[in-house]
Every structure is written in structure tokens, then in C-alpha cells.
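Descriptive analysis of the structure
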Amino acid sequence: FFYFCDTRHQTPDRDRAPSDTWWHHQTPTMNTTTNPLDYALRVIESIAFCLHAALGITEPCTGCLRAAFNDKNAMPSWFWPVAGVILLMIAYANFSNNDTVVLAAQAYIAAFHAGAVFYHRLLKHHPAVGLAPGVFILLAFIVAALRTNVLVASLGCLVCTAIAFVLSRILVTSPNDPEEDQEEYLLGI
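Residues numbered from 1 in each chain as written. Predicted model: local features only at pLDDT ≥ 70, side-chain atom pairs only at ≥ 80, totals over all residues. Heavy atoms only, no water.

**Focus on the pattern of salt bridges**
- Within the structure shown, the criterion is met by five salt bridges.
- Residue D38 pairs with R147 through a salt bridge whose shortest N-O separation is 3.1 Å. In this pair, D38 is assigned in helix α2 (residues 36-62) and R147 in helix α6 (residues 131-147), connecting sequence segments 109 residues apart.
- Measuring nitrogen to oxygen at the nearest pair gives 4.0 Å for the salt bridge that ties R66 to E59. (Salt bridge = Lys/Arg side-chain N within 4 Å of Asp/Glu carboxyl O. Helix = DSSP H or I, 4+ residues; strand = E, 2+ residues; numbered from the N terminus.)

**Quick look at the side chain of S46**
- Mapped onto the elements, S46 comes out in helix α2.
- Sequence-distant contacts of S46, defined by excluding residues within four places in its chain, comprise A91, N94 and F95. (Contact = heavy atoms within 4.5 Å.)

**Things to note about helix α5 (residues 99-122)**
- Helix length check: α5, at 24 residues, gives a terminal C-alpha distance of 34 Å against a target of 34 Å (1.5 Å per residue), a fit within 8%.
- One side-chain oxygen of the residue at the start of α5 lies 2.9 Å from the amide nitrogen of T100, identifying that residue as N98.
- With its phi angle positive at about 60°, K124 sits one or two positions after the end of α5. (Expected span 1.5 Å × (residues − 1). Polar contact = N/O pair within 3.5 Å; in protein donor to acceptor, adjacent residues only side chain to side chain.)

**With respect to the nonpolar core**
- By size, the foremost hydrophobic cluster in this structure holds 18 residues, and its most contacted members are F49, I90, I109, A110 and F136.
- At the level of secondary structure, the elements contributing two or more residues to this core comprise α2, α4 (79-93), α5, α6 and α7 (150-171).
- With five residues, the single largest contributor to this core is α5.
- What F136 contacts, discounting residues up to four positions off in sequence, is E45, A48, F49, I109 and H113.
- Counting residues in each nonpolar core, the second largest holds 10 residues, with M75, F79, W80 and A83 among its members. (Core = buried A, V, L, I, M, F, W, Y, C linked by side-chain atoms within 4.5 Å. Buried < 20%, exposed > 50% of the residue type's maximum accessible area, 1.4 Å probe, protein only.)

**A word on a nonpolar patch on the surface**
- Where nonpolar side chains cluster on the molecular surface, the patch consists of V159, I163, F165, V166, L167 and I170 and spans about 550 Å² of accessible area.
- Take L167: its relative accessible area is 42%, and that puts it in the partly exposed class. (Patch = residues over 30% accessible without salt bridge, like charges linked within 9 Å, V, L, I, M, F, W, Y side chains within 5 Å. Areas by Shrake-Rupley, 256 points an atom, 1.4 Å probe, with all protein chains shown as cover.)

**As for α2**
- With 27 residues, α2 should reach 39 Å at 1.5 Å per residue; the first-to-last C-alpha distance of 38 Å fits that figure.
- Of the positions making up α2, those classed as buried are D38, Y39, L41, R42, E45, S46, A48, F49, A53, G56 and E59.
- On its buried side, α2 packs onto α3 (64-69), α4, α5 and α6.
- With a side-chain oxygen positioned 2.8 Å from the backbone nitrogen of L37, the residue opening α2 is N35.
- Where α2 ends, the next residue or the one after it, G63, has phi of about 70°, a positive value.

**What about the confidence of the model for the protein chain?**
- Taken as a whole, the protein chain shows an average pLDDT of 82; of its residues, 75% reach a score of 70 or greater.
- Here residues 1-9 scores under 50 on pLDDT; set against residues more than four positions off or in separate chains, the count is two contacts.
- Every residue in residues 20-30 scores below 50 in pLDDT, and together they form 10 contacts with partners more than four places removed in sequence or on other chains. (pLDDT = per-residue confidence, 0-100.)

**A short note on the packing of α2 against α4**
- It is at 7 Å that the axes of α2 and α4 come closest, and there the two elements cross at 155°. Between α2 and α4, the interaxial angle falls into the category roughly antiparallel. As α2 packs across α4, the resulting crossing turns out to be left-handed. Where α2 abuts α4, its residues S46, F49, C50, H52, A53, G56, I57, E59 and P60 lie against W80, P81, G84, V85, L87, L88, I90 and A91. (Axes fitted to C-alpha atoms, helices over the stretch in contact; angles between N-to-C directions. Parallel < 35°, antiparallel > 145°, perpendicular 65-115°, else oblique. Left-handed = near helix turned anticlockwise from the far one by under 90°.)

**Things to note about the packing of α2 against α5**
- Relative orientation of the contacting elements α2 and α5 amounts to 55°, with a least axis distance of 12 Å. Taken together, the axes of α2 and α5 lie oblique to each other. The interaxial crossing formed by α2 with α5 has left-handed handedness. For the pair formed by α2 and α5, the contact residues are R42, E45 and F49 on the first element and V102, Q106, I109 and H113 on the second.
- Of the residues in the contact of α2 with α5, the class split is three nonpolar, two polar and two charged. (Nonpolar A, V, L, I, M, F, W, Y, C, P; charged D, E, K, R; others polar.)

See below:
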């Protein structure tokens, strides 16, 4: 320990190669072949996902998401914490040097947020509410297009949207219409 604290044996930072510094492997670095726009979009995505992960993981204790979305148990109780943990993993994977890992993260981002759009539609929220998660679908599309091409990114978003649609129909319990509730009340169901 003291060897590292004693700076007499160390050379000044300006004489070192970047790989000689202890923090080099701890901070996400931009690959020299990475498009700066690609990197900036992934930073934006990951910051948002860390914030949303905190909300999802703490949802059983706070109830803030269910209250904000007025979902009345439309989602299974396990969904929010699981989604929060996965969002943290995606935020981390978003900075991988492996293109396949980054593209897989973008696929998850597109599917998750397409599912969010369907979730809001099934809960009969105002159509404008779907614009917020739709922004992340657009970001995922742009990152995928920058790393592949527009055709691959389009097909990937289409497949992810189809998967999200199926999962939303399975996971989201849409509320009954007020007329259906009244009929059930009158029929004693």
C-alpha cells in the first residue's frame, strides 16, 4: 500500500502512456472508431436508465411508478424491480467495446420502450404520453443505424416492436371500460 502512496518512484503523468494509469480501465472510454454522436446518444440513454432503474428497483417500497401512471396493478408486482435491474445492466452494457453487445442493448432499449408505448395505450393514457418512451426508440434506432445501416436498424426496431406488442398483451392487464364496470356491477359479477 505504501509503495503506491510514495510518489518518488513514479514518473510524472505526462511521461506515462494512458494504459499506465490506475483509472484507465475503470472509466468508460470512447473507442477511436466510435462515432461521437453514437457515444453521446449512448451516454444519454445510460443516464436515463440509471435514473429509471432507481425508480424501478425501489418501486415496491415507494409505489411512485404505480401512483404516477395510475396503473391500478396493471403490471405484475415483480415487473418494476426486475426491469430496474435489467436497465442497470443495459446502462453498463451500452459502453461495451463489443459491437454485438451494444446492438443487443439497443434492441432491448427499443423493445422495452415500445412496450412502454403499448403499456400507456392499454391503460388508455393520452396518446402524447407515448412520445416520451418513443424518444428512446428513436435513439436506439439512430445508434443501431450508425453501427450497421438504416435497413438493419429498421428491421431490428420492427422485430423489437412486435416482441414488445406480444409481451404487453401478456403482461399488462388493461382496465375495464366504465360501461363494462357498470354492467358487471348490475349483473353482480
